Amino acid sequence: MTTLESNPSTLLNSDPALIPIAEKVQRGKRLTLDDGWTLYSTNDIWTVLDLAKQVRDRMHPGVAYYNINRHLNYSNVCALSCKFCEFYRKKGQDGEYTRDLEYIREEGRKAVESGATEMHIVGGLNPYLPFEYYTDMLKALTEVAPSVHLKAFTAVELVHLARIAKVYKKDDPKSGVRWVLERLKEAGLGSLPGGGAEVFDERVHKEAFKTKIGAHEWLDVHLVAHEVGLNSNCTMLYGHVDKRRERLRHMEILRRSQDQALERLGYEGDPDAYIADGIEESEQITAPVITLNKDGVTLPTPAMSERGGYYQTITPLPFFPDGSELEHLSGPGGVENLRTIAVTRLMLDNFPHVKAFWIMQTLPMAQVMLEAGADDIDGTVVWYDITKAVGEGTHQETTERDLIEAINEAGYEAVERDTLYRRVQRDGSNWRVEG
Ligand code: V47
C-alpha cells in the first residue's frame, strides 16, 4: 500500500511524467511535441496550470493587459461556407449586411469619443466589393480617428483582396499579398489580427473549412506582413473536428514561424534547442530556435514594437457550435479551455502574449486564465458579430472598470495597453502612450 510517508506525491496528485517538463520550463528550454502531449493528457492539471503561470509571471511579472477597443465587422456576406461559422450570410439572405462608408465613419467617431486606442476590423469574403472599398474604409477611419490603431483583415481576407485586385498569382501568392499590404498600409493599416488560422492540418482543413486558404498561405501572408514591418497576431480555433495532437502541431508551426520573424529582428537562437521533425504543413524553416521565456530575455522592446514584424499574441478560440453546421458538436468545456491556454503558453515559448479573449471565454473564465498562462483579456469590444453569447445579440460590451476589477481580483496590476503593448496614460477619452 502506498502511504503518504512513502510517497508524498500521492496526496498532491502530482504526475512524475511532468518532472522533466518542469525542469525544462524552469530552465527556459523548448518543449517537444511529446511534452505537449503529456501536458494535454496528464490528470495532474494543476501542475500544468502552475507551470504555465510560472512562465507568464516570468514574462510579465505582476501585470495583466487589457485595451479600450471597438470591433467592426464591415460585412457578413461571404463566398465561403466554413462549417464552424455562424457569421456568414449569402447575398440576399436574411440578416445579410454590408456597411457603407458613412456607417464606418460613424464607428470611427464613436471609437474616438469612447477613448478607444484600437479598432479591430474583419469581415466575410464579400465578392461584390471592389478593392477600393478597403482602402477607402481605412482612409475614412484615419481621417475621423487619426490616433486609433487599425488592426484589420485576416490572412484569408488579404488573399481575397489580392484576388479581387487581380494581383494574385497562383505560382507566387506572396507578391500579390505584398502589393495589397503595401496599399493598405499607406491607407492606414496598423497591424493584422490573428483570425482565419483555425487548426493547421490538412485533415481538419478538408473536413471543416475546405475552400478557405490552408496553412501555407496563411503563414505566407503573415511572413509578408512581418517583412513589410507590420506586427500580427494568430489564433487557434479548437474543439470542433480537431484532435489535441493536431493542435500541438499547429502550435509548433506557429512557433517556427515566429522563430523566423524574431531572427529577422536580431534575436539570437539557442544552439541546443529542440526542433520538431515532420511538420508537413509548413515550408522548411531554417531559423534557429528562439525562446523568450528564459530569465533575463527581453521581450520585443518598444523600439522593436515601433519597427514591427513579429507575432505579438496567440489567442486560442474555443469553438462555439450554436448556429453553425457543426451545431451537433458540444464544443470544448471549461477544463479543456483552461488546459489549452496553459499548454499554449508552455509550447509557444517565443510568443510575448497569450490572450484569453473574454468574449469567447467569458470574463470570469478569462480572469481564471490569468492564473493559467494568459496575460491579456482583450478589451471593451462593444459589438461582436462572429460568435454571440447565448441569448444575446451582437452588442457584447464590457466596461473598463469590469476589466480592471477582473484583473485586480486575480492579483495583477491592470495595465491598459495600446495594440503594440505600450502602456497607455489616460485622462478620460484623452490618452497617450508611454515611452
Ligand atoms: O477567424 C469563427 C473564429 C475568428 C467561430 O487577433 C469562431 O487579437 C469560435 O480572430 N466559434 C475571428 N470561433 C476572431 C479572431 C480574434 C478574436 C479576438 C482577438 C483577435 C486578435 C482575433 O473567430 C475567425 C474564426 O477563426 N470563429 N466561427 C465559432 N463558431
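Keep in mind that this is a model prediction, so the values were computed, not measured.

This part covers the site of the ligand. Near the ligand lie 21 residues; those nearest to it are F84, G194, G196, E198 and K355. Contact distances for the ligand include 2.9 Å between an oxygen atom and a backbone N or O atom of G196. The pocket occupied by the ligand, as judged from atoms lying within 2 Å of grid points, is the largest cavity. Contributions of two or more residues to the shell around the ligand are made by β6 (231–238) and β7 (311–318). If you tally residues by element for the shell around the ligand, the top one is β6, at three residues.

If you walk through the whole model with that rule in mind, you get three cavities of 30 Å³ or more. Space inside the largest cavity adds up to approximately 730 Å³. Lining the largest cavity are 41 residues, with T154, G195, G196, E198 and I386 sitting closest to its centre. The greatest single-element share of the lining of the largest cavity, amounting to four residues, is contributed by β6. Per-class residue counts for the lining of the largest cavity are 21 nonpolar, 13 polar and seven charged. In this structure, the second largest cavity spans a volume of roughly 70 Å³.

Let us look at the nonpolar core. Counting 130 residues, the largest nonpolar core has I121, F153, L181, L184, W218 and L254 as its most contacted members. Discounting chain neighbours no more than four positions away, the residues touching W218 are A155, G194, G195, G196, A197, F200, I213, N233, C234, L254 and Y311.

What follows deals with the layout of surface pockets. The volume enclosed by the largest pocket comes to roughly 520 Å³. Along the walls of the largest pocket sit 28 residues, with H60, Y65, L299, P300 and Y421 positioned nearest its centre. Mapped onto the lining of the largest pocket, the elements with two or more residues apiece are α4 (45–59), β1 (63–67) and α12 (302–307). Taken together, the residues of the lining of the largest pocket break down into 14 nonpolar, eight polar and six charged.

When the terminal C-alpha atoms of helix α6 (residues 131–144) are compared, their 21 Å separation across 14 residues agrees well with the 20 Å that a helix rising 1.5 Å per residue should span. Buried within α6 we find F131, Y133, Y134, T135, M137, L138, A140 and L141.

Among the residues making up helix α2 (residues 19–27), those that are buried are I21, A22 and V25. The arc enclosing the buried residues of α2, seen along the axis, measures out at 100°, which places them on a common side. Buried residues in α2 make contact with α3 (33–41), α4 and α13 (334–347). At the exit of α2 stands G28, carrying a positive phi of roughly 70°.

Below, the discussion takes up the sheet that holds β1. Strand order in the open sheet formed by three strands is β9-β1-β10, and the pairing between neighbours is parallel. Here the strands that pair on one side only, and so sit at the sheet edges, are β9 (376–379) and β10 (413–416). Neighbouring strand axes in the sheet, compared pairwise and without regard to direction, differ in orientation by 25° on average. Where β1 meets β10, four bridges bridge the pair, whose relative direction is parallel. Its bridge partner lying in β10, Y65 is registered against V415. The strands that helix α16 (residues 400–409) touches are β1, β9 and β10; relative to β1, the one it contacts most, it runs at about 165°.

This part takes up the packing of aromatic side chains. A complete count under the given rule lists 11 aromatic pairs for this structure. On the basis of an interplanar angle of 80° and a centroid distance of 6.1 Å, the ring pair of Y74 and F153 is categorised as edge-to-face. One end of the pair, Y74, is in the loop between β2 (69–73) and α5 (101–113); the other, F153, is in the loop between β4 (149–152) and α7 (155–164), and 79 residues separate them in sequence. Y74 gets classed as buried once you look at its relative accessible area, which sits at 0%. Ring geometry for Y133 and Y134: centres 5.3 Å apart, planes at 80°, overall edge-to-face. Side by side, Y133 and Y134 carry an identical accessibility label, which is buried. Taking NZ or CZ as reference, R99 lies 4.4 Å from the ring centre of Y103, over its face.

Tallied over the full model, the rule gives 34 salt bridges. K355 serves as the salt-bridge partner of D378, at 2.7 Å between the closest nitrogen and oxygen. Placement of D378 in strand β9 and of K355 in the loop between β8 (353–354) and α14 (358–361) is noted, with a sequence separation of 23 residues between them. A relative accessible area of 1% means that D378 is categorised as buried. Classification of K355 as buried rests on a relative accessible area of 4%.

With that out of the way, let us pick up the pairing of strand β5 (residues 189–192). As paired strands, β4 and β5 are joined by two bridges and run parallel to one another. Within the sheet, the bridge partner assigned to K151 lies in β5 and is S191. In terms of strand pairing, β5 meets β6 through two bridges, oriented parallel. From the neighbouring strand, L192 faces β6, where its bridge partner is S232.

Attention shifts here to the side chain of S75. Note on placement: S75 falls in the loop between β2 and α5. Side chain to side chain, S75 and T98 meet in a polar contact 3.0 Å long. Within polar-contact distance, the side chain of S75 engages the side chain of N126 at 3.0 Å.

Conventions used here
Residues numbered from 1 in each chain as written. Predicted model: local features only at pLDDT ≥ 70, side-chain atom pairs only at ≥ 80, totals over all residues. Heavy atoms only, no water. Near = heavy atom within 4 Å. Polar contact = N/O pair within 3.5 Å; in protein donor to acceptor, adjacent residues only side chain to side chain. 1 Å grid on protein atoms, 1.4 Å probe; cavity = no way out; pocket = protein on both sides within 12 Å on 5 of 7 lines; lining within 4 Å. Sits in = over half its atoms within 2 Å of the grid points. Helix = DSSP H or I, 4+ residues; strand = E, 2+ residues; numbered from the N terminus. Points joined across faces, edges and corners; volume = space filled by probe spheres on them. Nonpolar A, V, L, I, M, F, W, Y, C, P; charged D, E, K, R; others polar. Core = buried A, V, L, I, M, F, W, Y, C linked by side-chain atoms within 4.5 Å. Buried < 20%, exposed > 50% of the residue type's maximum accessible area, 1.4 Å probe, protein only. Contact = heavy atoms within 4.5 Å. Expected span 1.5 Å × (residues − 1). Arc of directions from axis to C-beta. Pairing = 2+ DSSP bridges. Axes fitted to C-alpha atoms, helices over the stretch in contact; angles between N-to-C directions. Phe/Tyr/Trp six-rings, centres within 6.5 Å; stacked < 30°, edge-to-face > 60°. Lys NZ or Arg CZ within 6 Å of the ring centre and 35° of its normal. Salt bridge = Lys/Arg side-chain N within 4 Å of Asp/Glu carboxyl O.

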